[in-house]
Every structure is written in structure tokens, then in C-alpha cells.
Amino acid sequence: MPDTHMAAADHAVASSRTFDAIIIGAGIAGLYQLHKLRQLGLSVRAFETGSGVGGTWYWNRYPGARFDSESYTYGYSFSQDLLQEWDWTEHFSPQPETLRYLNHVADRFDLRRDIQFNSKVVAASFDEAAREWRVILENGQTWRARFLVTAIGPLSAHQMPRIPGVADFKGESYHTYMWPHEPVSFEGKRVAVIGTGATGVQVIQTIAPLCGSLTVFQRTPNWCTPLHNRKISADEQEGIKAGYPAMFELLRQTPGCYIHNTDPRGTFEVTQEEREAFWEKLYSEPGFGIWMGNFRDMLTDLEANALFSEWVANKIRQRVKDPVTAEKLIPKNHGFGTRRVPQETFYYEAYNLPHVKLVSTLETPIERITETGIQTSDAHYDLDMIIYATGFDAITGAFDRIDFRGVGGAKLSDHWADGPKTYLGLMSAGFPNLLTIVGPHNASTRCNIPRCIEQNVEWVSDLLGYAHEHGITRIDATPDAEANWSKHVEELAAGMLYSQVDSWLTGINSNVEGKNVRRILQYQGGAPQYREKCEQVAANGYEGMVLT
Ligand code: NA7
């Protein structure tokens, strides 16, 4: 990273004004934070890298991008009028509709006038004497604010693979996150997809029928289950709108704020027949019920997990005609639900098409990308297009890509070098006046995200409103509070099977230097417990923090 702090000294501040708050990002979190702080009468400016609002839904325009949460559970809940006037057309909304929704929200609440687009924040440092943050954009402009709120998303630092020759390929190539705004044609083309996470699965099943040929390069297979999406009928629409209060009440009570709640029974407390009938039912129902609403021990008990994993493996064997391909698609190194479960629509059937081929890079590793295709250890694949569905430097990556400096010039990435250290996943000791919405150690990264975003934003808004009212100009998390919270987060994750598995949920990324040690990045106590803890901290006069 260039030494942007030195460079900043050479640049005039863009405005003599010190804002009450600067928000980084105009996605779901940034938009709502802007709305809330403005309602409090604070002066706010948001900076956004993209040329429009929407964050995740602005960038991820790849074919097949859509919700895995039921649409009506995902929209903002803060405005009854907004809830009543917006019609979701599908149970799991496709990306273009979600982006339209977020644009509608930005217009409806007149948010754009305080957002500066095409403005990537590259550095931010705390000026102790002035008690304000100096925020530096890629174009060199410096802006100042008392408080800095990051709304930079857990999956926004997209990551290309570390494979030699990526720049050599002469055909079309796209990372799913940086998908072009113009239509991309697949007709008659020889296409490769690298990566089979939630994104790769959505792309593969969508483009398979459209390509001349499709070769999927899979390293680790994932356990995928059917989404069962469909249009929302007029009757359903009425029911959804009338049912919003009860639905949001339910979402407040479930661990991940989904409409699916863990089944109180243990796997071995029922007969085999009952168990299989229950699993059949889950497999035939829409959404994450099969992950979030399974037997209570499915994600903590190895034996229970193995039994269910084998049941899902048999589903894959039934759906994929070629037994060799089916075996390749069945995960062998982790159990069901211990990594993010991709939701699919005829994903497995795509491999029954004669022009779709699966290459396991565990068996025949990719050696390099060439000018004309992909060279593995046993063959060269001639290609017209390579799609990189290789994911993100998740949860902490977006923080690492901004040079945050706290007290005494300390770097946030150094402070978090051995794993994040936070208080409530919203603050870090030594970085005063910095609020990290959807940051590491926060419940929101394991949540139907807008639900937890609203909680984060409302808590931060209350805090900044309180500071404004009481003339508080500096807010610090204490090192003790930070240490205790970080320990608590680690302890909660200890009993979970997912914490023993490599994935972005545990901070593993083979494409990023140093991200080869598993870390606890998420709060696993569930959203209700997290919300209660945050409320308690506020009610006790913001315990664990020094407000001056
Ligand atoms: P993921 O879930 O991180 O998936 C990335 C995929 O790319 C995964 O299959 C990786 O295999 C694969 N990958 C990454 N680097 C390589 C290299 N170098 N060679 C071969 N394969 C590679 O990202 P997604 O975008 O699918 O999903 C991210 C989240 O966004 C998702 O969970 C939703 O919550 C929304 P690996 O598993 O590492 O072996």
C-alpha cells in the first residue's frame, strides 16, 4: 500500500468543514446509517467506491446472482410505508430487482445528496489533538469528521486466485464481483468457471445451458441444497404485507434472523423413519431451513452431522447421472453446514448436460493460465472465457485494504494481525471514534444480514446521538472490554464444528498471504443474545467504553 498518510500532507483538505460523521460505503448498511444519522440532525457524508448505491448488489451482477434469504425477510424493516409500497416479485429476489429496491430506498429517503460516488477511501487516521478522523480518498482528497463509521461489508474485498499467468489470457475474463454492466454473451463460447462456492454454483447453473461448452474447475466441493424459488402470487403478496409485524417479531427471536428456527429435537432422539421424513421435508422446502432449521445437534455433534451429510450425499448421487462426477461433487473433508451452504436450482443436473465437464483441481491441479486457456497437470483446456468465482478476502479483508491508523499512528491491520480484537464487533481499543458496522466479531456476519445491520446501525446511532447531546467528542473501547469480548467470541465458537474447517468463515484464503491460520471472525451466540448484550452495554452507561 502506498504511504497515503505522507501523501495526505501534500493535499489540501477537500473541505474546511468537519462533519459529525463520515460513513464509508453506500450499501445496505451505509444507506441506513446515513438516514439515521441525518434524522438525528448530524452532518454526514458517505463515500462510495461505486458509481451507484447498493454495495454487494451494485457489484455482483453475475448471471444468476440472487438472495438466499426470503426476499421479504431481507428488505429494511424500519419504515412501514416502505414495506407496504414495495412488491418483491420472487421469493428469492434476483440481483437486478434488489438493486432497483436499494435505488428506490436511496430516492425515497433522498439519500444521494450526501453520498459522494466514485470515491474510494484508501486511508483514515485519527488526529488525537483535534479528536477527528481524516479520511483520504484515492484521488488524494482529505475529508474530516468527528466519527467514522465503516459500512464496508464482509464480502467486498474480491480476490483473484494466485495462479501464474492470469494476466496472460487473451480471451474474456471476469471476476464475478467485478461483472460488467453490459450484457455478456455465452453463445457458442468455450467457458470455464473456477470456484464452486455460493457464487460459482449460481453462475454455473445459470450459464450451463447457454454456453457452447462449460468446464468447471472445482477445488473443494460444497454441500448444496435446493433453493425452490418461485414467483410471489398476488394472494401471497397480500399475506406477506399483512404478516410483516409477526414475521419481524419471529426474526428477532431466531439465532440468524431467518424464518427458519433450529428444531429442538436431537438427531438420535427420533426413529430413523421420522428422521428421514423430516430431512425429506426440509429438502423439499425453500431456503435455508435445511441448514438453520435442522436438528439442534446437526452443527455441533460429529456423528449427527456425519449421518445427515451421508443422507445429502445420496441425494447428489441420485441427481448426477455419471457416478464418477457425482463422487467428485460430494464433499469429503467437511460435514454439511460447516461451510456456507450454496443454494441451488438444477445445479447438479447441469453436470448431466453433455457439454458440461467437471475438473477436480485436487486431482489435476491448475498449473497456469495461458494465452488461450487453462493448463492443468494433465491437459490444456482451450477457452474463450474464464470466470473467476474465487470469492473474497472475507470479513477483515476490506479493513486490511484501507490504511486505518489510530492513536499514535497504530495500524488496525497490525492490531488485528493475530486475529481481530474488538469490543462488540463494533469498536477496537486504540481506534477512538471508529465504529465498525458488520465488522468482525459481530453477529451480523452470521445473520440474515439486513436484520443485524439494522441492529448495528440503530445502536451506533443511539451512541452518536448520545455523544452529540452530551458534548462527547471521544469514544474509546477499553483494552479490558476488548480482551473480554474477544475471548467470549472465541469461547462461543469453540463447540461448533465449523470452527474446525477451512473456509472464508474461519478466515482461510489460499490467495492471500498470511491467511492460512483459522481465526474466529464471527460471533456465534446468535443475534438475540448479541442484541441483548449491546442493549445492556448502553443501558449501563456504555460500560466497557470511555466517553470524554
Ligand atoms: P467462496 O465461497 O469463498 O468460494 C470461492 C471458490 O473459489 C471456492 O470454491 C474456492 O475453493 C475457489 N478457489 C479460490 N481460489 C482458488 C484457486 N486458486 N484455485 C482453485 N479454486 C479456487 O466465494 P463465493 O463468492 O462463492 O461466496 C462468498 C459468499 O458470498 C458466499 O458464501 C455468500 O455468503 C455470498 P476452496 O473452497 O477454497 O477450495
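This structure is a prediction, so every number in the text was calculated from the model and none was measured.

Peer 1: Hey, could you run me through the overall build of the protein in this one?
Peer 2: Looking only at helices and strands, the protein has 19 helices and 20 strands in total. Its C-alpha atoms give the protein a radius of gyration of 24 Å, within 12% of the compact-globule value 24 Å for 548 residues. Overall, the protein is about 70 × 55 × 45 Å in size when its C-alpha atoms are taken along their principal axes. Sorting the 548 residues of the protein into buried and exposed places 59% on the buried side. Long-range pairs, those at least 24 residues apart, make up 72% of the contacts in the protein between residues at least 6 apart in sequence. Carbon and sulfur atoms make up 50% of the accessible area of the protein, which totals about 21,900 Å².

Peer 1: Would you mind showing me how to read the domain arrangement of the protein here?
Peer 2: Splitting the protein by domain gives domain 1 (17-53 + 111-157 + 394-547) and domain 2 (194-388). Spacing between the C-alpha centres of domain 1 and domain 2 amounts to 31 Å. Listed as interface residues are 19 residues of domain 1 and, on the opposing side, 21 residues of domain 2. Buried area between domain 1 and domain 2, summed over both chains or domains, comes out near 1,500 Å², and the portion from carbon and sulfur atoms is 60%. It is R451, L497 and R531 that lose the most area in domain 1 upon contact with domain 2, and together they represent 33% of the buried surface on that side. Linking domain 1 with domain 2 are 0 salt bridges. Here domain 1 is connected to domain 2 by 7 residue pairs in polar contact (both at pLDDT 80 or more). If you list the elements that add at least two residues to the side of domain 1 that touches domain 2, you get α17 (449-469) and α19 (527-539).

Peer 1: What's the story with unusual backbone geometry in this structure? I'm lost.
Peer 2: Despite not being glycine, N118 shows a phi value in the positive range, around 50°. Assessed through its relative accessible area of 58%, N118 is described here as exposed. Of note in this structure, L424 is not a glycine but carries a positive phi near 65°. Along the polypeptide, L424 turns up in the loop between α16 (412-415) and β18 (434-436).

Peer 1: What should I look at first to understand the state of the cysteines in this one?
Peer 2: Summed over the entire model, instances satisfying the criterion amount to 1 disulfide. At a sulfur-sulfur separation of 2.1 Å, the disulfide partner of C447 is C452. Of note, the bridge from C447 to C452 carries an S-S torsion of about 85° and is right-handed in sense. Classification of C452 by relative accessible area gives buried; the value is 5%. Summary of cysteine pairing: C211 is not part of a disulfide, and the nearest cysteine sulfur, belonging to C224, is at 18 Å.

Peer 1: Mind showing me how you'd approach helix α6 (residues 95-108) here?
Peer 2: Residues three or four positions apart in an α-helix share a direction because the helix packs 3.6 residues into each turn. With 14 residues, α6 extends 20 Å from end C-alpha to end C-alpha; this agrees with the ideal 20 Å at 1.5 Å per step. Three or more residues of α6 are buried, namely Q95, E97, T98, L99, Y101, L102, V105 and A106. Taken together, the buried residues of α6 touch α2 (28-39), α3 (56-59) and α5 (80-85). Just past α6, the residue D110 takes up positive phi, approximately 50°.

Peer 1: It is not clear to me how the site of the ligand should be interpreted in this structure. Could you clarify?
Peer 2: In the vicinity of the ligand there are 18 residues, among which T199, R219, T220, R340 and N511 approach most closely. Between the ligand and R340 there is a distance of 3.1 Å, counted from an oxygen atom to a side-chain nitrogen or oxygen. Between the ligand and the protein, one listed contact pairs a nitrogen atom with a side-chain N or O atom of N511 at 2.9 Å. Protein contact buries 84% of the 780 Å² of open area that the ligand shows by itself. Residues of the shell around the ligand, tallied by class, amount to 7 nonpolar, 8 polar and 3 charged. The two domains that each donate at least three residues to the shell around the ligand are domain 1 (17-53 + 111-157 + 394-547) and domain 2 (194-388).

Peer 1: Sorry, what's going on with the environment of S233 here?
Peer 2: Tracing the backbone shows S233 in the loop between β10 (225-226) and α8 (234-242). Relative accessible area serves as the criterion here: at 34%, S233 is assigned to the partly exposed category. On a C-alpha basis, the gap between S233 and E90 in space is 8.7 Å, while along the polypeptide they are 143 residues apart.

Peer 1: Looking at this structure, how should I read the environment of P180?
Peer 2: Mapped onto the fold, P180 is located in the loop between β7 (172-175) and β8 (190-194). Not counting residues up to four positions away in its chain, the partners in contact with P180 are R61 and Y174.

Peer 1: Help me out: how do you make sense of the sheet that holds strand β15 (residues 380-382) in this one?
Peer 2: Strand pairing in a sheet relies on backbone hydrogen bonds, with the paired strands running either antiparallel or parallel. An order of β13-β14-β15 is seen for the 3 strands of this open sheet, with the pairing classed as antiparallel. Pairing within the sheet leaves two strands with one partner each, and these edge strands are β13 (366-369) and β15. Looking at each pair of strands side by side, their axes are set apart by 20° on average, direction ignored. Sheet topology places β13 next to strand β14 (residues 373-376); 3 bridges connect them, and they run antiparallel. Bridged to I366 within β14 is T376.

About the cut-offs
Residues numbered from 1 in each chain as written. Predicted model: local features only at pLDDT ≥ 70, side-chain atom pairs only at ≥ 80, totals over all residues. Heavy atoms only, no water. Helix = DSSP H or I, 4+ residues; strand = E, 2+ residues; numbered from the N terminus. Rg over C-alpha atoms; globule rule 2.2 N^0.38 Å. Buried < 20%, exposed > 50% of the residue type's maximum accessible area, 1.4 Å probe, protein only. Contact = heavy atoms within 4.5 Å. Areas by Shrake-Rupley, 256 points an atom, 1.4 Å probe, with all protein chains shown as cover. Domains from an automatic or database assignment. Buried area = accessible area lost by both parts, 1.4 Å probe. Salt bridge = Lys/Arg side-chain N within 4 Å of Asp/Glu carboxyl O. Polar contact = N/O pair within 3.5 Å; in protein donor to acceptor, adjacent residues only side chain to side chain. Disulfide = S-S within 2.5 Å. Expected span 1.5 Å × (residues − 1). Near = heavy atom within 4 Å. Nonpolar A, V, L, I, M, F, W, Y, C, P; charged D, E, K, R; others polar. Pairing = 2+ DSSP bridges. Axes fitted to C-alpha atoms, helices over the stretch in contact; angles between N-to-C directions.

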